[in-house]
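Coordinate analysis (summary)
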Amino acid sequence: MMKGSEVMKKTTVMFSISILMVWCLCGVAAGFSGGDGSKGNPYQITNKTQLEQVNNDLSAHYILLNSIDLSGTTYTQPVLAPFVSASTSGLTGTFDGDGYAIMNVTIQASGSNYIGLFGHVRAGGEIKNLGVENCNIRGNMEVGGLVGHVSAGIFTNCYTTGQVNGGSTKIGGLAGYNDGGDFTGCHSTAQVTSTSSRVGGLLGFHSNSGIIADSYATGPVQGTDYVGGLVGQSGTNGTITRSYFNGSVIGSGLNIGGLVGTNEGTISDCYSTGSVTGFDWVGGLVGSHSTSSAAYSMNRCYSNALLEATSTSPTSGACGITAVNGGVLTACFWDVESCDTDVAYTIKTGSYPNWVYTPVYDNPGATEAKTTVQMQTRSTFTSAGWDFNAETTNGTDDLWHMPYGTSGSPLLSLQRDILGDWNGTYGVGITDFTMLAEVWGLSAGSSGYDDTCDLVDDDTIDINDLILFLQNWLAGLY
């Protein structure tokens, strides 16, 4: 039997240990503005110090409570989740920007790989509702404005602006290398430049059943080979759907495309516009389709990008698609006037060094040349099976619509071009009115306020916004 003093001593020790454990646990949480790091109660981040503390636990869950300005700091590695190995490092928790942005991110790491705001995101990791604004990011290989290397993971409603530079391959405005990750509702306006290959406005390299959906890029893109407005190279089983590029693409070598440099996967319901310049294998949509292990496909896509090839090779004038090997092409179009070429694509057969190039000028049902007027006519596309708003013959997803109140080629459903059309079916209707009603009377700073509905931009949702909204009532619902 223990004596009273021994019992008291043991009790004191146990109590001290308990206090220490509570203090340590509270100390972790105390580094943030709230939360416990669980998915239901993520750590709350309000400043730079707290942001950098994310590196202490990459499996936890985080949320921004405001935008964070990193001006004045030049990093020499990713701000978050530096790459160590594909299977052991990287974000596996959730980072929710909640509509806020990390601004003025500067990373100068020209001799390093896997560079971005995040160096590495792997299976289980998720980044959503986050902007990276006015970034200045420089690395060697696998460089992106948001993330350098993706080993699976989910990305939703993320965007980047600024500039991304790489000295080697796999450079993208949002992500450098994507191995099986899913990107939905993402975009980049960043200028993307590399002195090497696999360069894209959104992703540099995209493969292994990865998905890009409802996304776009508009910044200038420049590299050597495998350069695309949206993706530099889309590898085997990569999927790109309901996405577009509008800007300039310049490649000094081969496989230069308005949408994708070279494609080995599936592309559907996409388009490109702007300009595409390269040495050889230049296409308004893709520079080349090439695969030895699986058939590629491209369905319901168009291009009206101005094309220029600096070589005299018979494959250099390709517009819409430059095809290498076999694949499935369905209901694709190019503007023969805007693209300034009558070649749809060039088929490459034979073997090195005796390749045989056969140009295809028009292939009804697969790739067809259209005039500018035809490209601005709805029936050109609906008669080919494209799913448009206000028709059900080709589907009910309403993936496409014609520009409202002006002439032009089709736009995707993610492109809202009518004031007051915020969600739901294209056009200003009851779902949009419901959204306005839900935030009626709210002002900036109040809970639930959404500046999307602040049509007059005066920080209050009131009668002035309703008047503008009603001026467009039922617009686009034809």
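Our subject is the structure that appears above.
First, a word on scope: everything that follows refers to the structure included in this document. (Residues numbered from 1 in each chain as written. Predicted model: local features only at pLDDT ≥ 70, side-chain atom pairs only at ≥ 80, totals over all residues. Heavy atoms only, no water.)

**Comments concerning the overall build of the protein chain**
Here is the rule we go by: Each helix is a run of H or I in the DSSP string that is no shorter than four residues. Each strand is a run of E no shorter than two, and both are numbered from the N terminus. Contacts: residue pairs with any heavy atoms within 4.5 Å of one another. Note on areas: Shrake-Rupley with a 1.4 Å probe; residue coverage comes only from the protein chains shown.
A tally of helices and strands in the protein chain yields 6 helices and 45 strands. In the protein chain, of all internal contacts separated by at least 6 residues, the share reaching a separation of at least 24 is 70%. Within the structure as shown, the protein chain displays about 19400 Å² of accessible surface, and the carbon and sulfur contribution to it stands at 53%.

**Quick notes on the pairing of strand β42 (residues 356-360)**
For clarity, the threshold we go by: Strands are labelled as partners when DSSP assigns at least two bridges between them.
Of the strand pairs in this sheet, strand β41 (residues 345-349) and β42 are connected by 5 bridges, and their pairing is antiparallel. Bridge assignment links Y345 to a residue of β42, and that residue is V360. Joining the antiparallel neighbours β41 and β42 is a turn of 6 residues, in which G350 adopts a positive phi near 90°.

**Some thoughts on the sheet that holds strand β35 (residues 296-299)**
Two orientations exist for strands paired in a sheet by backbone hydrogen bonds: parallel and antiparallel. Put simply, the test is: To get an axis, fit a line to the C-alpha atoms, keeping to the stretch in contact for a helix; angles then go from 0 to 180 degrees between the N-to-C directions.
Spatially, the 11 strands line up as an open sheet ordered β1-β2-β5-β9-β13-β17-β22-β27-β31-β35-β39, and their pairing is parallel. The open sheet has two free edges, formed respectively by β1 (43-45) and β39 (327-330), since each of these has just one partner strand. Averaged over all pairs of adjacent strands, the angle between their axes in this sheet comes to 5°, without regard to strand direction. Of the pairings in the sheet, the one linking β35 to β39 comprises 4 bridges and is parallel in character. The partner of Y296 across the bridge, within β39, is G327.

**Focus on the packing of aromatic side chains**
Quick note on the threshold: Here a Phe, Tyr or Trp ring, Trp counted by its six-membered ring, pairs with any other such ring whose centre lies within 6.5 Å, and the pair is stacked when the planes are under 30 degrees apart, edge-to-face when over 60, and tilted otherwise. Each residue is placed in one exposure class: buried if its accessible area under a 1.4 Å probe, protein chains only, is under 20% of its type's maximum, exposed if it is over 50%, and partly exposed if it falls in between. Throughout this description, the term charge over a ring refers to an Arg CZ or Lys NZ atom that lies within 6 Å of the ring centre and within 35 degrees of the ring normal.
Under the criterion given, the structure shown has 23 aromatic pairs. Summarising the aromatic geometry, the rings of Y302 and F381 are spaced 6.0 Å apart at their centres and angled 55° between planes, so their arrangement reads as tilted. On the criterion of sequence distance, the pair formed by Y302 in strand β36 (residues 302-303) and F381 in helix α4 (residues 378-382) is long-range, its members being 79 residues apart. Assessed through its relative accessible area of 2%, Y302 is described here as buried. F381 sits in the buried class, given a relative accessible area of 0%. Ring centres 5.9 Å apart and planes at 55° place the aromatic pair F469 and W473 in the tilted group. K170 extends its terminal NZ or CZ atom over the ring of F205, reaching a point 5.4 Å from the ring centre. In this structure, R198 is placed above the aromatic ring of Y226, and the distance from its NZ or CZ to the ring centre is 4.7 Å.

**Some remarks on a negative patch on the surface**
As a reminder, the rule being used: Patches here: salt-bridge-free residues with over 30% relative accessible area, like charges joined within 9 Å, nonpolar side chains (Val, Leu, Ile, Met, Phe, Trp, Tyr) joined within 5 Å. For this document, the term salt bridge refers to a Lys or Arg side-chain nitrogen within 4 Å of an Asp or Glu carboxyl oxygen. Note that His is not counted, nor are the chain ends; the positive residues are Lys and Arg, and the negative ones are Asp and Glu. Think of each charge as sitting on NZ of Lys, CZ of Arg, CG of Asp or CD of Glu.
Residues D451, D457, D458 and D459 make up a contiguous surface patch of negative charge. Among the structural elements, D451 can be located in the loop between α5 (430-438) and α6 (463-471). With a relative accessible area of 55%, D451 lands in the exposed category.

**A look at unusual backbone geometry**
Trans is the common state for peptide bonds, and a negative phi is the common state for residues other than glycine. Within the chain, D214 stands out as a residue other than glycine whose phi angle is a positive 50°. Turning to its location among the elements, D214 is positioned in the loop between β22 (211-213) and β23 (216-217). Its relative accessible area of 22% is what places D214 among the partly exposed residues. The phi dihedral of D398 is positive, around 50°, even though this residue is not glycine. Under the relative-accessibility criterion, D398 is labelled buried at 16%.

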